[in-house]
Amino acid sequence: MNLTTPEHDFMGTYLEKIQDLEHTREACDRLKALGKRIVFTNGCFDILHPGHTRYLRAARELGDHLVVAVNSDRSVRAIKGAGRPILPEKARAELVAALGFVDAVIIFDQDDPLEVITRLLPHILVKGGDWAEGEIIGADVVKGAGGEVKRIALVPGYSTSRIMEAILKKAP
């Protein structure tokens with residue numbers, strides 16, 4: 001079966017979810033005008049695993065349109081150190097975009113997502129339960145605009161670091 005024919009152009013649909021900040025802001029503004037609730041989260045999403053997918057699904061259930069900002073390769077290195085990310089930013093963005101419950105994906109190059117949050121002004125800012133609300137970057141901006149900050153519990157047993165450790169243990 002040739003999956004590159006127009007009848008099988010699966011990639012075109014979900015790759016269109018990956019946009020720059022300006023296009024995403026314009027789309028969010030149109031959706032807000034229609035009364036839709038914008039949900040925002042961000043992360044490295046290096047080696048996508050069930051913890052990520054369950055977290056993103058729960059985030060999407062909080063509103064009508066989920067925007068996920070994926071850290072660039074440079075910002076992942078700044079946060080996680082040398083040797084990361086495992087997958088390049090475009091691959092990580094593609095994997096996140098392929099999830100049906102994700103509506104938009106942005107790659108951002110800053111060390112934190114404050115600029116993206118400030119430009120998008122989502123109704124709901126979501127982070128993992130491992131973040132104290134006072135430490136969530138952009139919480140003050142979202143709350144100041146009348147929005148909410150939600151924390152979603154992590155899925156026990158799943159983390160990119162654990163997966164990397166397990167791979168290294170199994171290597172000869």
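Residues numbered from 1 in each chain as written. Predicted model: local features only at pLDDT ≥ 70, side-chain atom pairs only at ≥ 80, totals over all residues. Heavy atoms only, no water.

**Observations regarding the confidence of the model for the chain**
Here is step 1: For the chain, the mean per-residue pLDDT works out to 90, and 93% of the residues sit at or above 70.
Here is step 2: This model gives residues 1-8 a pLDDT under 50, and the stretch forms 4 contacts once residues within four places in sequence are excluded. (pLDDT = per-residue confidence, 0-100. Contact = heavy atoms within 4.5 Å.)

**Notes on the pattern of salt bridges**
Here is step 1: Tallied over the full model, the rule gives 12 salt bridges.
Here is step 2: One salt bridge in this structure joins Arg74 and Asp111, with 2.9 Å as the shortest N-O distance. Of this pair, Arg74 sits in helix α4 (residues 73-80) while Asp111 sits in the loop between β3 (104-108) and α6 (114-120); the two residues are 37 residues apart in sequence, bridging distant segments of the chain.
Here is step 3: The exposure class assigned to Arg74 is partly exposed, which follows from its relative accessible area of 35%.
Here is step 4: Given a relative accessible area of 48%, Asp111 falls into the partly exposed group.
Here is step 5: Measuring nitrogen to oxygen at the nearest pair gives 3.3 Å for the salt bridge that ties Glu148 to Lys150.
Here is step 6: Among the residues examined, Glu148 registers a relative accessible area of 30% and is labelled partly exposed.
Here is step 7: Look at Lys150 and you get partly exposed, because its relative accessible area is 32%.
Here is step 8: Members of the salt-bridge network, linked through shared partners, are Glu22, Arg25, Asp29 and Arg119. (Salt bridge = Lys/Arg side-chain N within 4 Å of Asp/Glu carboxyl O. Helix = DSSP H or I, 4+ residues; strand = E, 2+ residues; numbered from the N terminus. Buried < 20%, exposed > 50% of the residue type's maximum accessible area, 1.4 Å probe, protein only.)

**Observations concerning the nonpolar core**
What tends to happen in soluble globular proteins is that the nonpolar side chains get buried as a cluster.
Here is step 1: Ranked by internal contacts, the top residues of the largest apolar core, which has 19 residues, are Leu56, Leu66, Val68, Val96, Val102, Val105 and Val126.
Here is step 2: When contributions to this core are tallied by element, the ones reaching two or more residues are α3 (50-60), β2 (65-71), α5 (89-97) and β4 (124-128).
Here is step 3: Those residues in contact with Val96, other than ones at most four positions away along the chain, are Phe45, Leu48, Leu56, Val68, Val70, Val102 and Val105.
Here is step 4: Core analysis: the next-biggest nonpolar cluster, separate from the first, contains 17 residues, Cys28, Phe40, Ile106 and Val142 among them. (Core = buried A, V, L, I, M, F, W, Y, C linked by side-chain atoms within 4.5 Å.)

**Brief notes about the environment of Gly138**
Here is step 1: Note that Gly138 resides in the loop between β4 and α7 (139-144).
Here is step 2: By relative accessible area, Gly138 is classed as buried at 3%.
Here is step 3: When the C-alpha atoms of Gly138 and Ser72 are compared, they prove to be 18 Å apart, with 66 residues separating the residues in sequence.
Here is step 4: Those residues within four positions of Gly138 in sequence are excluded, and the remaining contacts are Leu114, Ile117 and Leu125.

**Examining the pairing of β3**
Here is step 1: Where burial is concerned, most of β3 is hidden: 4 out of the 5 residues are buried.
Here is step 2: Sheet topology note: the β2/β3 ladder contains 5 bridges and is parallel. Each residue of the ladder has a partner; that of Val68, found in β3, is Val105. (Pairing = 2+ DSSP bridges.)

**So, unusual backbone geometry**
Here is step 1: Here the bond from Arg84 into Pro85 is cis, since omega is 0°, no more than 30 degrees from zero.
Here is step 2: Its place among the elements puts Pro85 in the loop between α4 and α5.
Here is step 3: Phi is positive for Phe45, which is not a glycine, with a value near 50°.
Here is step 4: Within the fold, Phe45 resides in the loop between β1 (38-43) and α3.
Here is step 5: On the basis of relative accessibility, which here comes to 5%, the residue Phe45 falls in the buried class.
Here is step 6: Phi is positive for Ile47, close to 60°, though the residue is something other than glycine.
Here is step 7: Given the relative accessible area of 17%, Ile47 is considered buried.

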